[in-house]
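If you want the building blocks of each chain, they are given just below.
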Amino acid sequence: MNSKLQEWLHDVGVALGLIERPKLQPIPVRTDDDERRRPRR
């Protein structure tokens, strides 16, 4: 119950602009180019 209340208060604070949203970290995505650069063994 207490954690739900804290989450709700945090969401309200973010919505009102009182709290800054946490910055999301970019997720690296592998492409086919990465496979070509590595020598195959």
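What counts as what
- Residues numbered from 1 in each chain as written.
- Predicted model: local features only at pLDDT ≥ 70, side-chain atom pairs only at ≥ 80, totals over all residues.
- Heavy atoms only, no water.
- Helix = DSSP H or I, 4+ residues; strand = E, 2+ residues; numbered from the N terminus.
- Buried < 20%, exposed > 50% of the residue type's maximum accessible area, 1.4 Å probe, protein only.
- Patch = residues over 30% accessible without salt bridge, like charges linked within 9 Å, V, L, I, M, F, W, Y side chains within 5 Å.
- Areas by Shrake-Rupley, 256 points an atom, 1.4 Å probe, with all protein chains shown as cover.
- Salt bridge = Lys/Arg side-chain N within 4 Å of Asp/Glu carboxyl O.
- Expected span 1.5 Å × (residues − 1).

## Quick look at the overall build of the protein
Thought 1: When helices and strands are counted, the protein shows two helices and zero strands.
Thought 2: Buried positions account for 5% of the 41 residues belonging to the protein.

## Digging into a nonpolar patch on the surface
Thought 1: Together, Leu-5, Trp-8 and Leu-9 make up an exposed nonpolar region whose accessible area comes to about 340 Å².
Thought 2: Mapped onto the elements of the fold, Trp-8 is located in helix H1 (residues 2–16).

## A look at H1
Thought 1: Compared with an ideal rise of 1.5 Å per residue, which puts 15 residues at 21 Å, H1 spans 21 Å between its outermost C-alpha atoms and is within 8% of the ideal.
Thought 2: Positioned one or two residues after H1, Gly-17 has a phi angle of 85°, which is positive.

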